[in-house]
Amino acid sequence: DAGVTQSPTHLIKTRGQQVTLRCSPKSGHDTVSWYQQALGQGPQFIFQYYEEEERQRGNFPDRFSGHQFPNYSSELNVNALLLGDSALYLCASSLWYGYEQYFGPGTRLTVT
Amino acid sequence: DAKTTQPPSMDCAEGRAANLPCNHSTISGNEYVYWYRQIHSQGPQYIIHGLKNNETNEMASLIITEDRKSSTLILPHATLRDTAVYYCIVRVAGNYGGSQGNLIFGKGTKLSVKP
């Protein structure tokens, strides 16, 4: 049983570019949440998707958007990249009526 | 902001029990206590959660005080692989079951297990 997978593992982009990160949830899970973790900080919640809709959103600008597909996988898109967007982006999957969120290994994004 | 307070760092000798404290004095009756840990550069790993009663699983035990204002995570026999940042998080119960809402991470406790 595969756990949460994320792609790519690492990514380097230039300021102003756009990026798409991908997440496949743990088998049987229907909810995907995205977190941003800057160096030395705890993860910060970006948004959560269930039934292909954004259900909750953290304090992130509209440059951050997402999507959930019918197979429950999800994408995180970031437009007009800033240097401050450099971080580890974590995807977590869960059951909507469950208790645990299981995290993937993350995508390390570097903006130069 | 995180609703929990944890010591920034702790040391533990290998093979001994590691007791990690957490204060959550403003916890509401419908909020669970969760523990996650993060080993360097990996995604956080779920450890355990509880509401009122003490809980135990294959990884750890969670002791919650009767007034629910604090809790302790116990790793019974710490190994070098338990060196990580440990996060204590409170999370609201869902209206129809489960626990919903995002996880609000604080700075956590950096546990160093030493030989």
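One can find the structure itself at the top, above this paragraph.
Since we're looking at a predicted model, the values are computed, not measured.

Student: Would you explain the pattern of salt bridges in this entry?
Tutor: Residue and element names in this part refer to chain A. Under the counting rule described, the total for this entry stands at 6 salt bridges over all chains. As a salt-bridge pair, Glu54 and Arg57 come within 3.1 Å of each other at their nearest N and O atoms. Relative accessible area serves as the criterion here: at 36%, Glu54 is assigned to the partly exposed category. On the basis of relative accessible area, Arg57 is assigned to the partly exposed category, the value being 30%. The partner of Asp85 in a salt bridge is Arg63, with the nearest N and O atoms 2.9 Å apart. Linking Asp85 in the loop between strand 8 (74–78) and strand 9 (87–94) with Arg63 in the loop between strand 6 (53–57) and strand 7 (64–68), this pair joins segments that are 22 residues apart in sequence. Accessibility expressed as a relative area gives 4% for Asp85, which makes it buried.

Student: Help me understand the environment of Arg16 of chain B in this model?
Tutor: For Arg16 of chain B, the position within the fold is in the loop between strand 1 (9–13) and strand 2 (18–23). Every residue in contact with Arg16 of chain B, bar those within four places of it in the chain, is listed here: Leu75, Pro76, His77 and Ala78 of chain B.

Student: Which parts of the structure should I look at to understand the interface of chain B and chain A?
Tutor: Accessible area lost on assembly of the parts is the figure often given for the size of an interface. Across the contact, 23 residues belong to chain B and 20 residues belong to chain A. Around 1700 Å² of area is buried between chain B and chain A when both sides are counted, 51% of it from carbon and sulfur atoms. Applying the counting criterion to the chain B and chain A interface returns 7 residue pairs in polar contact (both at pLDDT 80 or more). Sorting elements by how many residues they give to the side of chain B that touches chain A places strand 3 (residues 31–38) of chain B first, with 4 residues.

Student: Explanation requested: unusual backbone geometry in the structure shown.
Tutor: Leaving glycine out, the prevailing phi sign among residues is negative, and the prevailing peptide bond configuration is trans. Residues and elements named next belong to chain A. The step from Ser7 to Pro8 runs through a cis peptide bond, and the omega angle for that step is -10°. Here Pro8 lies in the loop between strand 1 (5–7) and strand 2 (10–13). One non-glycine residue, Glu51, adopts positive backbone phi at about 50°. Within the secondary structure layout, Glu51 lies in the loop between strand 5 (44–50) and strand 6. Using a relative accessible area of 52% as the deciding quantity, one classes Glu51 as exposed.

Student: I would appreciate a short explanation of the sheet that holds strand 9 (residues 109–114) of chain B in the present structure.
Tutor: The pairing of strands in a sheet happens through backbone hydrogen bonds and is either parallel or antiparallel. Residues and elements named next belong to chain B. Overall, mixed pairing links the 5 strands, which are arranged 1-9-8-3-4 in an open sheet. Where the open sheet ends on each side, the last strands, each with one partner, are strand 1 and strand 4 (45–50). Neighbouring strand axes in the sheet, compared pairwise and without regard to direction, differ in orientation by 25° on average. Here strand 1 pairs with strand 9 via 5 bridges, running parallel. Looking at strand 9, one finds that Ser9 is bridged to Lys110.

Student: Any chance you could explain the side chain of Arg91 of chain B here in plain terms?
Tutor: Mapped onto the elements of the fold, Arg91 of chain B is located in strand 8 (residues 84–92). A polar contact is formed between the side chain of Arg91 of chain B and the backbone oxygen of Tyr99 of chain A, at a distance of 2.9 Å. When residues no more than four places from it in sequence are discounted, the contact partners of Arg91 of chain B are Tyr99 and Gln101 of chain A together with Asn30, Glu31, Tyr32, Tyr34, Ser99, Gln100, Gly101, Asn102 and Leu103 of chain B.

Definitions and limits used
Position numbers for residues count from 1 along each chain, tracking the sequence in the order it is written. Chains and ligands are labelled sequentially in the order written, the chains with letters from A and the ligands with numbers from 1. A pLDDT threshold of at least 70 governs which residues receive local features in this predicted model, and a stricter bar of 80 or more applies before side-chain atom pairs are shown or counted, although totals over entire chains, interfaces and linings include all residues. Remark: hydrogens and water are excluded; side-chain values derive from all non-hydrogen atoms of the structure. Whenever Lys or Arg places a side-chain nitrogen within 4 Å of a carboxyl oxygen from Asp or Glu, that contact is recorded as a salt bridge. The buried label goes to any residue with under 20% of its type's maximum accessible area, the exposed label to any with over 50%, and the partly exposed label to all in between, with areas taken from a 1.4 Å probe on protein chains only. A run of H or I in DSSP counts as a helix once it spans at least four residues, and a run of E counts as a strand once it spans at least two, with each numbered from the N terminus. Whether two residues touch is decided by their heavy atoms; if any such pair falls within 4.5 Å, the residues are in contact. Note on terms: buried area is the combined drop in 1.4 Å-probe accessible area of two parts once they are placed together, counting the loss on both. Here a polar contact is taken to be a pair of N or O atoms separated by no more than 3.5 Å, where protein atoms must pair a possible hydrogen donor with a possible acceptor and residues adjacent in sequence count only if both atoms sit in side chains. The pairing criterion is simple: DSSP has to find at least two bridges between the two strands. To get an axis, a line is fitted to the C-alpha atoms, and for a helix only the part in contact is used. The angle between two axes follows their N-to-C directions and goes from 0 to 180 degrees.

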